[in-house]
Amino acid sequence: MALGSDMYRQQILDHYKNPRNYGELEDPTFTHIGENPMCGDEIRIDVKLADDEETIQQVAFTGDGCAISQASASMLSSDLQGKTIAELQEMDRDDIIDMLGVDISPMRVKCAVLAEKVAQDGAEIYQGELEKAKTTTED
Ligand code: FES
């Protein structure tokens, strides 16, 4: 058990230090920004959809924040490629915590879910179902 969570901790640190898909897309289908109001940390996510307008082809993110928020954005950016918008919308905090593989204290859950909420709100705004300038983890 201890070994397993050590491995996950290493993985979180690796994603934090070497974030995957870090940057901006040249021609995103949609872009959205959100923040964790507890600390002011922000994440911006760019998503490029395939021609079917459903399948996520490419994801990029930029952000500033703690290891948990940045590692989960990095992991999510890889995980989402090839998924559909519907699959993104079905994700919940348990999926993100499973992805991170470590116990997250209630305070840190907001860090963990920030990227997921930004991507989900971005998709909803794109689909015209949500009007929002900026996502926060308060919602
Ligand atoms: Fe700011 Fe984690 S402390 S997102």
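Residues numbered from 1 in each chain as written. Predicted model: local features only at pLDDT ≥ 70, side-chain atom pairs only at ≥ 80, totals over all residues. Heavy atoms only, no water.

Enquirer: Break down the pattern of salt bridges for me, citing the residues and quoting the values.
Expert: In a structure, side chains of opposite charge can pair up when their charged atoms sit close to one another. Counting across every chain of the model gives seven salt bridges. Among the ionic pairs, Arg20 bridges to Asp14, the shortest N-O distance being 2.7 Å. Under the relative-accessibility criterion, Asp14 is labelled partly exposed at 31%. Across the salt bridge formed by Arg44 and Glu24, the nearest N and O atoms sit 3.8 Å from each other. Taken together, the positions of Arg44 in strand β2 (residues 41-49) and Glu24 in the loop between α1 (2-17) and β1 (30-36) put the pair 20 residues apart, joining distant regions of the chain. Given a relative accessible area of 22%, Arg44 falls into the partly exposed group. Relative accessible area serves as the criterion here: at 54%, Glu24 is assigned to the exposed category. (Salt bridge = Lys/Arg side-chain N within 4 Å of Asp/Glu carboxyl O. Buried < 20%, exposed > 50% of the residue type's maximum accessible area, 1.4 Å probe, protein only. Helix = DSSP H or I, 4+ residues; strand = E, 2+ residues; numbered from the N terminus.)

Enquirer: Please provide a residue-by-residue account of the nonpolar core, values included.
Expert: The biggest cluster of nonpolar side chains holds 33 residues, and the ones touching the most others in it are Ile45, Ile56, Ile68, Leu76, Leu80 and Leu100. Among the secondary structure elements, those contributing two or more residues to this core are β2, β3 (56-64), α2 (67-79), α3 (85-90), α4 (93-100) and α5 (106-126). (Core = buried A, V, L, I, M, F, W, Y, C linked by side-chain atoms within 4.5 Å.)

Enquirer: Which residues make up the sheet that holds strand β4 (residues 135-136), and what values do they have?
Expert: With mixed pairing, four strands are arranged side by side in an open sheet as β3-β2-β1-β4. Sheet topology places β3 and β4 at the edges, where each strand pairs with a single neighbour. Bridge analysis of β1 against β4 gives two bridges, and the strand direction is parallel. Residue pairing in the sheet places Glu35 in a bridge with Thr136 of β4. Each of β2 and β3 is contacted by α2, which is oriented at about 170° to β3, the strand it contacts most. Each of β1, β2 and β4 is contacted by α5, which is oriented at about 145° to β1, the strand it contacts most. (Pairing = 2+ DSSP bridges. Contact = heavy atoms within 4.5 Å. Axes fitted to C-alpha atoms, helices over the stretch in contact; angles between N-to-C directions.)

Enquirer: Which residues make up the pairing of β2, and what values do they have?
Expert: The sheet contact formed by β1 and β2 spans seven bridges and is antiparallel. Across the sheet, Gly34 pairs through a bridge with Ile43, a residue of β2. Adjacent in sequence and paired antiparallel, β1 and β2 are bridged by four residues, among which Gly40 carries a positive phi angle near 85°. Across eight bridges, the pairing between β2 and β3 is antiparallel. Bridging from a neighbouring strand, Ile45 pairs with Phe61 of β3. The turn joining β2 and β3, which pair antiparallel and follow one another in sequence, is formed by six residues; a positive phi near 60° is taken by Glu53.

Enquirer: Quick rundown of the packing of aromatic side chains? Include the residues and the values.
Expert: In the structure shown here, the tally under the stated rule is two aromatic pairs. Taken together, a centroid distance of 5.2 Å and an interplanar angle of 80° make the contact between Tyr22 and Phe61 edge-to-face. A residue pair is termed long-range when its members are at least 10 positions apart, and Tyr22 in the loop between α1 and β1 and Phe61 in strand β3 qualify at 39 residues. For Phe61, a relative accessible area of 0% translates into the label buried. (Phe/Tyr/Trp six-rings, centres within 6.5 Å; stacked < 30°, edge-to-face > 60°.)

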